[in-house]
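# Chain and residue survey
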Amino acid sequence: MSQILVLNCGSSSIKYELFDMTGPVSVASGLVERIGEEDSRVTHHVDGVSHVVDGPLADHRAGLAAMNEAFTTTRPIPDGALVAVGHRVVHGGDRFAAPALIDDVVLEAIRDCIPLAPLHNPANLLGIEVAMQANPDIPHVAVFDTAFHQTMSQAAYRYAIDRDTADEHRVRKYGFHGTSHAFVSRTAAAHLGLDERSARIITLHLGNGASACAVRGGRSVDTSMGLTPLAGLVMGTRSGDIDPGAMIHLLRMGMSVDDLDTLLNRSSGLKGLCGDNDLREVHRRAAAGDEVARSALDVYVHRIRAYLGAYLVELGGADAVVFTAGVGENDPQVRAAVCAGLQSLGIEIDETVNSGVRGPLGPVDVATPDSRVRVLVVPTDEELEIATSTLATIN
Ligand code: AMP
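First, a word on what this report is: a plain description of the structure on this page. (Residues numbered from 1 in each chain as written. Predicted model: local features only at pLDDT ≥ 70, side-chain atom pairs only at ≥ 80, totals over all residues. Heavy atoms only, no water.)

Right, let's get into the overall build of the chain. Helices and strands together make up the secondary structure of the chain, namely 15 helices and 14 strands. Taking the principal axes of the C-alpha coordinates as reference, the chain spans close to 60 × 55 × 45 Å. The buried share of the chain, reckoned over its 395 residues, is 48%. Considering only contacts in the chain between residues 6 or more positions apart, those separated by 24 or more positions represent 62%. (Helix = DSSP H or I, 4+ residues; strand = E, 2+ residues; numbered from the N terminus. Buried < 20%, exposed > 50% of the residue type's maximum accessible area, 1.4 Å probe, protein only. Contact = heavy atoms within 4.5 Å.)

To describe a pair of aromatic rings, you give the distance between the ring centres and the angle between the ring planes. Counted by the stated rule, this structure contains 3 aromatic pairs. Centre to centre, the rings of Phe 96 and Phe 144 are 4.1 Å apart; their planes meet at 15°, and the pair counts as stacked. Of this pair, Phe 96 sits in the loop between β6 (82-89) and β7 (100-101) while Phe 144 sits in strand β8 (residues 140-144); the two residues are 48 residues apart in sequence, bridging distant segments of the chain. With a relative accessible area of 9%, Phe 96 lands in the buried category. On the basis of an interplanar angle of 65° and a centroid distance of 5.8 Å, the ring pair of Tyr 307 and Tyr 311 is categorised as edge-to-face. Remark: Tyr 311 and Tyr 307 occur in helix α11 (residues 291-315); sequence separation between them is 4 residues, near one turn of the helix. For the pair shown, Tyr 307 and Tyr 311 are each scored as buried. Its end group placed over the ring of Tyr 157, Arg 172 keeps NZ or CZ at 3.6 Å from the ring centre. (Phe/Tyr/Trp six-rings, centres within 6.5 Å; stacked < 30°, edge-to-face > 60°. Lys NZ or Arg CZ within 6 Å of the ring centre and 35° of its normal.)

Position of Glu 196 among the secondary structure elements: in the loop between α6 (178-192) and β9 (200-206). Glu 196 gets classed as exposed once you look at its relative accessible area, which sits at 58%. A C-alpha to C-alpha distance of 24 Å links Glu 196 and Met 225, two positions 29 residues apart in sequence. Leave out the neighbours within four places in its chain, and Glu 196 touches Gly 217 and Gly 218.

Looking at where Ser 224 falls in the secondary structure, it is placed in the loop between β11 (219-223) and α7 (244-252). The residues contacting Ser 224, other than those within four sequence positions of it, are Ser 211, Ala 212, Ala 231, Gly 232, Leu 233, Tyr 307 and Tyr 311.

Turning next to the packing of α7 against helix α8 (residues 257-266). Across the interface, α7 lies against α8 with an axial gap of 10 Å and an inter-helix angle of 130°. It follows that α7 is oblique to α8 by the angle criterion. For the crossing formed where α7 meets α8, the hand is right-handed. Facing Met 247, Leu 250 and Leu 251 of α7, the residues of α8 in contact are Val 257, Leu 260, Leu 263 and Leu 264. Split by residue class, the contact of α7 with α8 holds 7 nonpolar, no polar and no charged. (Axes fitted to C-alpha atoms, helices over the stretch in contact; angles between N-to-C directions. Parallel < 35°, antiparallel > 145°, perpendicular 65-115°, else oblique. Left-handed = near helix turned anticlockwise from the far one by under 90°. Nonpolar A, V, L, I, M, F, W, Y, C, P; charged D, E, K, R; others polar.)

Right, let's talk about the sheet that holds strand β4 (residues 41-46) for a bit. To summarise the sheet geometry, strands pair through backbone hydrogen bonds and adopt either a parallel or an antiparallel arrangement. Pairing within the open sheet is mixed, and its 8 strands lie in the order β5-β4-β3-β2-β1-β6-β8-β7. Strands at the two margins of the open sheet, each flanked by one partner only, are β5 (49-54) and β7. Pairing geometry for β6 and β8, over 5 bridges, is parallel. Bridged to Gly 86 within β8 is Val 141. Each of β1 (3-9), β6 and β8 is contacted by helix α3 (residues 121-134), which is oriented at about 165° to β6, the strand it contacts most. (Pairing = 2+ DSSP bridges.)

This part is about the packing of α6 against helix α15 (residues 382-394). Their axes nearest at 9 Å, the elements α6 and α15 cross at an angle of 90°. For the element pair α6 / α15, the angle class is roughly perpendicular. Of α15, the residues touching α6 (which contributes Thr 179, Ser 180, Ala 182, Phe 183 and Arg 186) are Glu 382, Leu 384, Glu 385 and Ile 386. Taken together, the residues of the contact of α6 with α15 break down into 4 nonpolar, 2 polar and 3 charged.

Let's shift gears to unusual backbone geometry. Note the cis peptide between Gly 23 and Pro 24, where omega equals -5°. We note that His 177 has phi near 55°; this positive angle belongs to a residue other than glycine. With respect to the helices, strands and loops of the structure, His 177 is situated in the loop between α5 (163-168) and α6.

Below, the discussion takes up helix α10 (residues 279-287). Of all the positions in α10, only Leu 279, Val 282, His 283, Arg 285 and Ala 286 are classed as buried. Looking straight down α10, one finds its buried side chains confined to an arc of 165°; they lie on one side. Facing away from the buried side of α10 by over 90 degrees, the exposed positions are Arg 280 and Ala 287. On its buried face, α10 sits against α9 (269-274), α11, α12 (325-330) and α13 (332-339). (Arc of directions from axis to C-beta.)

Turning to the site of the ligand, a few remarks are in order. Every residue close to the ligand is listed here: Gly 207, Asn 208, Asn 277, Asp 278, Leu 279, Arg 280, Ala 325, Gly 326, Val 327, Asn 330 and Asp 331. Taking Leu 279, its main chain carries an N or O atom lying 2.9 Å from an oxygen atom of the ligand. Here a nitrogen atom of the ligand sits 3.4 Å away from a polar atom, N or O, in the side chain of Arg 280. Only α10 and α12 provide two or more residues apiece to the shell around the ligand. The dominant element in the shell around the ligand, judged by the number of residues it contributes, is α12, at 4 residues. Of the residues that constitute the shell around the ligand, the class distribution is 3 nonpolar, 5 polar and 3 charged. (Near = heavy atom within 4 Å. Polar contact = N/O pair within 3.5 Å; in protein donor to acceptor, adjacent residues only side chain to side chain.)

Geometry only, nothing functional implied.
Following this line, the structure appears as structure tokens:
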């Protein structure tokens, strides 16, 4: 039996999932949250049952120990079964185009990317260091959100600002959600029997965070997020694209850098537009005649369609459009609105099939038989993708 533990460490949380790679199947998963506070909690799911343990956890070391305790008291990991730990790392800059076996050089390179992701990389690093101390005898692998997009051409990733300034501060498009775009594009190509070397696929990862990606032959050629995960689509609480001049304007109007950070990351997107970031609530309000909610939906869909159009041109057409993540997998209305009126571009959704697809059903084709471009709903599984990449890396 070879098992892989996937860890996704945030500043006050550890999300984890254990896979048996002979399936591969998920064995157990869970979340350690509110680390460093009095009311920390471990929620551990195994064999269809959720186990909750409350009590203060001072730091990530205590958090990992609590996770291990949850395994031990429910279904212990057999001796020798765990062959590696895969760590999600948000930013690999331009240093990593693939997952990396973690050693001192890799740790230093991840540290070197902290200025590019000051909120995420320090927490990811802390998780790696604590987990390596707890499990020193097995390999640890870093899997980067940015790596999949390292195949973008300069034309796609370079911002049109002074070249020296851009290069000095490493300001360029990196892109994120790479494990998800890689996983769903590969799954879609396999499901449709497309030639992996030439398939043109546009993936729409629509969750609380959201991004679009143009994939040709299994390689990312463009994506909507940028230097940071703020660019591109309208998200739950993040703005997506905005004229950079608006930032200068707001700074001149007296906002501080921290105010701007909060505005763009926490008080924007659907939340900023209408006060709710959950699309279920936005739909409910719109259906009840709430014009503010209605117009928030319009902005949300308009932006997705703008990227869809751009990527259809970049790829010279598409074999498939893929919807994934919380909204993409569960929201037939958004899928229908994104694809509305695109018959002349070869995209046509079957309303009846589409309206029945909610939840993790596996890949489902919701296009009409005549639609030249297939429209798929593919449940994403970033943890499984990290486990698979980890196994490939240690082998
Ligand atoms: P994620 O970040 O992928 O977990 O997606 C979370 C988001 O998915 C939520 O904030 C909701 O906006 C959206 N979502 C989840 N379930 C549904 C649903 N049944 N219908 C519409 N949106 C949903």
